[in-house]
Amino acid sequence: MLRILDDRTGEPVPAAPARRALTRIEAHACGLDPTALRVLLTADLLVRALELGGTPVWTILTAPRHQPELRTAGTRLAIRPFEDSRDLASGLGEAQAVHVVRRDRAETVGEGPVVAVAGVEWAPAPGAASGPDDGPGVLATLLSDPAALRLALLAVPRGEPARLDPATLDEAARSLARWRRSVAGWARRPSRPVPGEVRERLRAAWEDDLDLPAVLGVLRDAASAPGIPDGARFETCVYADRLLALDLARDLGSPA
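Scoring rules and cut-offs
- Residues numbered from 1 in each chain as written.
- Predicted model: local features only at pLDDT ≥ 70, side-chain atom pairs only at ≥ 80, totals over all residues.
- Heavy atoms only, no water.
- Helix = DSSP H or I, 4+ residues; strand = E, 2+ residues; numbered from the N terminus.
- Rg over C-alpha atoms; globule rule 2.2 N^0.38 Å.
- Buried < 20%, exposed > 50% of the residue type's maximum accessible area, 1.4 Å probe, protein only.
- Phe/Tyr/Trp six-rings, centres within 6.5 Å; stacked < 30°, edge-to-face > 60°.
- Contact = heavy atoms within 4.5 Å.

1. What about the overall build of the protein?
Along the protein, the regular secondary structure elements total eight helices and eight strands. Over its C-alpha atoms the protein spans a radius of gyration of 19 Å, differing by no more than 12% from the 18 Å that the globule rule assigns to 256 residues. If you line up the protein on its principal axes, its C-alpha atoms span 50 × 50 × 30 Å. Within the span of the protein, comprising 256 residues, buried residues form 49% of the whole.

So, in structure tokens, the structure goes:
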């Protein structure tokens, strides 16, 4: 069962009180900046994890401004679409609402558990122009390689501030390219099921307050652990990518 740390109480609680009971995930975005993207990404990961556990989810976006821009940015970041009005939920009888919000706004949301997200700081290259009104420009820079941005954010616990700079994004892009090459190579070998121990470790990681750095660690271990057939490494990455949404199998069929 997926458990999340409720920022209201500081205690872990079930993300869904009953399996198969409809759960509403509400993402609260307060601006058009990297932290807002992290809020949307965290909500997306929560949705994916709940659906992998068999829980139906209904998601909405609450944002006083910039909704079209946030939706466009979310789509590029492989974030599933959000609804924009809780009125659509009337009569659906969701069992629980979970709010995802930047940490300094956690007290402003309605009833239900709160998943707080730490801020994201963008540090441009030395000499690059920036200013107080360059939010759209920063997002355009970050989203020049959306998958690399997603990986860079997944690698930092969401409760910790994330500092992004060009070097961080370049390293994430290189890491992602290596993963995709490996997955494409493993796909050429006979398929094998995901090892039971690896599957259990993956689920234990993401069900423990969406610990995505731990999920990535399990994948790295599976990639190098002796005794795991390449076909099983491939299936492991495909399975985990249902949550990560990094398009790890993108290079299938490319020349070796």
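2. Focus: the packing of aromatic side chains
In total, this model carries one aromatic pair according to the counting rule given. Residues Trp206 and Tyr239 carry aromatic rings whose centres are separated by 5.8 Å and whose planes lie at 45 degrees to one another, so their mutual orientation is tilted. Placement of the pair is Trp206 in helix H6 (residues 196-207) and Tyr239 in helix H8 (residues 230-244), with a sequence separation of 33 residues. Of the residues examined, Trp206 reaches a relative accessible area of 0% and is grouped as buried. Take Tyr239: its relative accessible area is 7%, and that puts it in the buried class.

3. Here we look at the side chain of Thr55
Mapped onto the secondary structure, Thr55 falls in the loop between helix H1 (34-52) and strand S4 (57-62). In contact with Thr55, other than residues within four places in its own chain, are Ala16, Arg19, Arg20, Ala21, Thr23 and Leu50.

In short, shape yes, function no, at least from these values alone.
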